[in-house]
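Listed below, chain by chain, are the residues.
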Amino acid sequence: MKFTPLSLSEVVRIEPRVFSDARGFFMETYHQTRFAEHGLALRFVQDNHSRSAKGVLRGLHFQREPRSQGKLVRALRGAIFDVAVDIRRGSPTFGRWVGEVLSEENKAMLFIPPGFAHGFCAMADATEVHYKTTDIYSPEHEGGLLWDDPEIGIAWPDIGMEFLLSDKDKRNPRLRDLVL
């Protein structure tokens, strides 16, 4: 596996080694020892799987302490533009974002640590996303951040259509109004 810290160094792109032949392919998507060797000593406790139509934008989501979650995200089918925003007050990178395309073709994954809001937009129909979390879902600790907050300035890709959001995600607060 290749581990590449991004411009927000706690967010890491992971590219598995893929073994392909006429039958298909095989790859490891998580290996505790290899992750730990790259500073990611993680304990995953929940797996989530979603399917989205092209244009669906999910996020930006997070959980507050003491139930903050790290996430290991990958696209099983289709493609997503996956985004992490640093929401750790006092962090030198507070409010900065990073985004990566994760797809069925590139098989890349993104590790998003606790303290970051996470969201993605589906860039293809029937996109399926799988992610592992370091803490279980806790409704009383969940929070959201407005996906198009101009102070953050996420450069979402032009996919040729309007994004489709849940009513809940449309009402998320801006960064300056965020209660952590």
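Here the structure is shown first, and the text comes after it.
Residues numbered from 1 in each chain as written. Predicted model: local features only at pLDDT ≥ 70, side-chain atom pairs only at ≥ 80, totals over all residues. Heavy atoms only, no water.

### Considering the sheet that holds strand 5 (residues 46-52)
Across a sheet, strands are paired by hydrogen bonds formed along the backbone, either parallel or antiparallel in direction.
Thinking step 1. In space, the 6 strands of this open sheet follow the order 1-2-10-7-12-5, with antiparallel pairing throughout. The sheet terminates laterally at strand 1 (2-5) and strand 5, the two strands that pair on one side only. On average, each strand axis in the sheet is inclined to that of its neighbour by 20°, with strand direction left out of account.
Thinking step 2. Both strand 2 (residues 12-15) and strand 10 (residues 109-112) contribute to a ladder of 3 bridges, which runs antiparallel. Bridging across to strand 10, Arg13 finds its partner in Leu110. (Pairing = 2+ DSSP bridges. Helix = DSSP H or I, 4+ residues; strand = E, 2+ residues; numbered from the N terminus. Axes fitted to C-alpha atoms, helices over the stretch in contact; angles between N-to-C directions.)

### With respect to the side chain of Gln63
Thinking step 1. Residue placement: Gln63 occurs in strand 6 (residues 57-63).
Thinking step 2. What makes Gln63 buried here is its relative accessible area of 6%.
Thinking step 3. Within the structure, Gln63 has its side chain in polar contact with the backbone oxygen of Arg67 (distance 2.7 Å).
Thinking step 4. Separated by 2.8 Å, the side chain of Gln63 and the backbone nitrogen of Ser138 make a polar contact.
Thinking step 5. Leave out the neighbours within four places in its chain, and Gln63 touches Ser68, Gln69, Ile136, Tyr137, Ser138, His141 and Glu142. (Buried < 20%, exposed > 50% of the residue type's maximum accessible area, 1.4 Å probe, protein only. Polar contact = N/O pair within 3.5 Å; in protein donor to acceptor, adjacent residues only side chain to side chain. Contact = heavy atoms within 4.5 Å.)

### Here we look at the sheet that holds strand 9 (residues 97-103)
Thinking step 1. One open sheet holds the 5 strands; their spatial order is 9-8-11-6-13, and the pairing between them is antiparallel. Both outer strands of the open sheet, strand 9 and strand 13 (142-144), are each paired with one neighbouring strand and no more. Going across the sheet, the axis of each strand differs from the next one's by a mean of 25°, ignoring polarity.
Thinking step 2. In this structure, strand 6 lies alongside strand 11 (residues 116-122), joined through 3 bridges in antiparallel fashion. Bridge pairing links His61 to His118 in strand 11.

### Side note on the nonpolar core
Thinking step 1. Leu60, Val85, Ile87, Leu145, Ile154, Trp156 and Phe163 are the most contacted members of the largest nonpolar core, which has 20 residues in total.
Thinking step 2. Mapped by element, the contributors of at least two residues to this core are strand 6, strand 8 (79-86) and strand 11.
Thinking step 3. Contacts of Ile87, omitting those with residues within four sequence positions, involve Phe62, Phe94, Gly115, Phe116, Ala117, Leu145, Leu175, Leu178 and Leu180. (Core = buried A, V, L, I, M, F, W, Y, C linked by side-chain atoms within 4.5 Å.)

### Structural notes on the pairing of strand 6
Thinking step 1. Taken across its 7 residues, strand 6 has 5 buried, putting it largely inside the fold.
Thinking step 2. Pairing between strand 6 and strand 13: 3 bridges, direction antiparallel. Note that in strand 13 the partner of Phe62 across the bridge is Gly143.

### Re unusual backbone geometry
Thinking step 1. Residue Leu60 is reached from Gly59 by a cis peptide bond, and omega for that bond is 5°.
Thinking step 2. The residue after Glu65, namely Pro66, is reached through a cis peptide bond having omega 10°.
Thinking step 3. The topology assignment puts Pro66 in the loop between strand 6 and strand 7 (71-77).
Thinking step 4. Despite not being glycine, Lys107 shows a phi value in the positive range, around 55°.
Thinking step 5. Inspection of the secondary structure assignment puts Lys107 in the loop between strand 9 and strand 10.
Thinking step 6. By relative accessible area, which is 16% here, Lys107 ends up buried.

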